[in-house]
Amino acid sequence: QVQLVESGGGLVQAGGSLRLSCAASGRTFSRYAMGWFRQAPGKEREFVAGISWSGGSTYYADSMKGRFTISRDNARNTVSLQMNSLKPEDTAVYYCAADRSVRMSSQPDYWGQGTQVTVSS
């Protein structure tokens, strides 16, 4: 069982930055691929970024490449998402996710409760 708690959301102006963090419980954190998804009002949840067990492999949705960076610290059971050059269309609830697979799938095993990110124009 893994419990995920996100933090770091908030209101930021377009062009600004935010850093989201996700704290995970459980002693097997390092065995999960981790990732971030988001859901904007009226839209389906979408993949944002993922990172492998060791952190050696990262991957992003095309619209986030070059602006977002995912990282993890297995010693502290945390995963982070650094978001730069934010746009109003990045406004959404951001969810942390854990997947037993080597790579984050579209149906992770665990979800956090979400944190709101609002980007004003």
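See the structure shown above.
Residues numbered from 1 in each chain as written. Predicted model: local features only at pLDDT ≥ 70, side-chain atom pairs only at ≥ 80, totals over all residues. Heavy atoms only, no water.

Peer 1: Break down the overall build of the protein chain for me, citing the residues and quoting the values.
Peer 2: In terms of helices and strands, the protein chain carries 0 helices and 11 strands. Secondary structure elements of the protein chain, listed N to C terminal, follow the sequence β-β-β-β-β-β-β-β-β-β-β. Against the compact-globule benchmark of 14 Å for 121 residues, the protein chain has a radius of gyration of 13 Å, which places it among compact chains. The buried share of the protein chain, reckoned over its 121 residues, is 45%. Taking the intrachain contacts of the protein chain between residues at least 6 apart in sequence as the baseline, contacts between residues at least 24 apart amount to 56%. Working note: accessible area of the protein chain is about 6200 Å², and carbon and sulfur atoms make up 46% of it. Averaging the positions of the 13 positive and the 9 negative side-chain charges in the protein chain gives two centres separated by 6 Å. (Helix = DSSP H or I, 4+ residues; strand = E, 2+ residues; numbered from the N terminus. Rg over C-alpha atoms; globule rule 2.2 N^0.38 Å. Buried < 20%, exposed > 50% of the residue type's maximum accessible area, 1.4 Å probe, protein only. Contact = heavy atoms within 4.5 Å. Areas by Shrake-Rupley, 256 points an atom, 1.4 Å probe, with all protein chains shown as cover. Lys, Arg positive; Asp, Glu negative; His and termini not counted. Charge placed at Lys NZ, Arg CZ, Asp CG, Glu CD.)

Peer 1: Explain the environment of Ala33 to me, and be specific about the residues and the numbers.
Peer 2: Looking at where Ala33 falls in the secondary structure, it is placed in strand 4 (residues 33–39). A relative accessible area of 0% places Ala33 in the buried class. Between the C-alpha atom of Ala33 and that of Ser101, which follows or precedes it by 68 residues, the distance is 6.3 Å. Not counting chain neighbours up to four residues away, the residues in contact with Ala33 comprise Ile51, Trp53, Tyr59, Arg72, Ala97, Ala98, Asp99, Ser101, Val102, Arg103 and Met104.

Peer 1: Quick one: what's the story with the state of the cysteines, residue by residue and with numbers?
Peer 2: Taken as a whole, this structure holds 1 disulfide when the rule is applied. One disulfide bridge connects Cys22 with Cys96, the sulfur atoms lying 2.2 Å from each other. Negative torsions about the S-S bond denote left-handed disulfides, and the value of about -85° found for Cys22 with Cys96 makes this one left-handed. Residue Cys22 is found in strand 3 (residues 18–24), and its partner Cys96 is found in strand 9 (residues 92–99); the two are separated by 74 residues along the sequence. (Disulfide = S-S within 2.5 Å.)

Peer 1: An account of unusual backbone geometry is requested, with residue identities and associated values reported.
Peer 2: Unlike most non-glycine residues, Asn77 shows phi in positive territory, near 55°. Within the secondary structure layout, Asn77 lies in the loop between strand 7 (68–73) and strand 8 (78–83). Overall, Asn77 belongs to the buried group, its relative accessible area being 17%. The backbone of Ser85 sits at a positive phi, close to 50°, despite the residue not being glycine. Relative accessible area serves as the criterion here: at 41%, Ser85 is assigned to the partly exposed category.

Peer 1: How would you summarise the pattern of salt bridges if you had to cite specific residues and measurements?
Peer 2: A complete count under the given rule lists 6 salt bridges for this structure. Among the ionic pairs, Asp109 bridges to Arg100, the shortest N-O distance being 3.1 Å. Given the relative accessible area of 48%, Arg100 is considered partly exposed. Each of Arg38, Glu46, Arg67 and Asp90 takes part in salt bridges that share partners, so that together they form one network. (Salt bridge = Lys/Arg side-chain N within 4 Å of Asp/Glu carboxyl O.)

Peer 1: Could you give an account of the layout of surface pockets, naming the residues involved and the relevant values?
Peer 2: What the largest pocket holds in volume is close to 160 Å³. As for the largest pocket, its lining consists of 13 residues, and the residues nearest its centre are Arg38, Lys43, Glu46, Glu89 and Asp90. Taken together, the residues that form the lining of the largest pocket break down as 2 nonpolar, 3 polar and 8 charged. (1 Å grid on protein atoms, 1.4 Å probe; cavity = no way out; pocket = protein on both sides within 12 Å on 5 of 7 lines; lining within 4 Å. Points joined across faces, edges and corners; volume = space filled by probe spheres on them. Nonpolar A, V, L, I, M, F, W, Y, C, P; charged D, E, K, R; others polar.)

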